[in-house]
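Geometric and topological summary
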Amino acid sequence: MAKVNVYIPDGLLEDIDALATERGVSRSLIVQEATGAYVASSNTVRAESLRQAEAARALESMGEIRSAEDMVPGTSSGVILRELRNAVSKDPKDER
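Residues numbered from 1 in each chain as written. Predicted model: local features only at pLDDT ≥ 70, side-chain atom pairs only at ≥ 80, totals over all residues. Heavy atoms only, no water.

1. Here's the deal with helix H1 (residues 10-23)
- In this model, H1 (14 residues) spans 20 Å end to end at C-alpha, consistent with the 20 Å of a helix rising 1.5 Å per residue.
- Immediately beyond the C-terminal end of H1, within one or two residues, lies Gly24, with a positive phi of roughly 70°. (Helix = DSSP H or I, 4+ residues; strand = E, 2+ residues; numbered from the N terminus. Expected span 1.5 Å × (residues − 1).)

The structure is reproduced here in structure tokens:
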């Protein structure tokens, strides 16, 4: 396990020490748990942001498909999606 030095305001250190004493654990464990919770929370926020960005891209794609339906009367979104999926999944070796 790595050892690090950090600067913590006196009042916060007093709170950490009081919590450690109350729980009967070390100051280091309190800092480790708090840091772990912060990192986990940050990862959750980042993941949610990525999900929202993916959802926005999906909605944009849906709008493009609707536009394509309007440009080619009689073409369903299912046909467009199949063609897009096939175009993306084609193996470059198949082009030879």
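2. Quick notes on the pattern of salt bridges
- Per the stated rule, a full pass over the model turns up four salt bridges.
- When the shortest N-O distance is used, the salt bridge between Glu33 and Arg23 registers 2.7 Å. Taken together, the residues Glu33 in helix H2 (residues 27-71) and Arg23 in helix H1 connect sequence positions 10 residues apart.
- The partly exposed category is assigned to Glu33, whose relative accessible area is 35%.
- Arg51 is paired through a salt bridge with Glu48; the nearest N and O atoms lie 3.0 Å apart. With Arg51 and Glu48 both in helix H2, this residue pair falls three residues apart, about one helical turn.
- Residue class for Glu48 comes out partly exposed when judged on its relative accessible area of 33%. (Salt bridge = Lys/Arg side-chain N within 4 Å of Asp/Glu carboxyl O. Buried < 20%, exposed > 50% of the residue type's maximum accessible area, 1.4 Å probe, protein only.)

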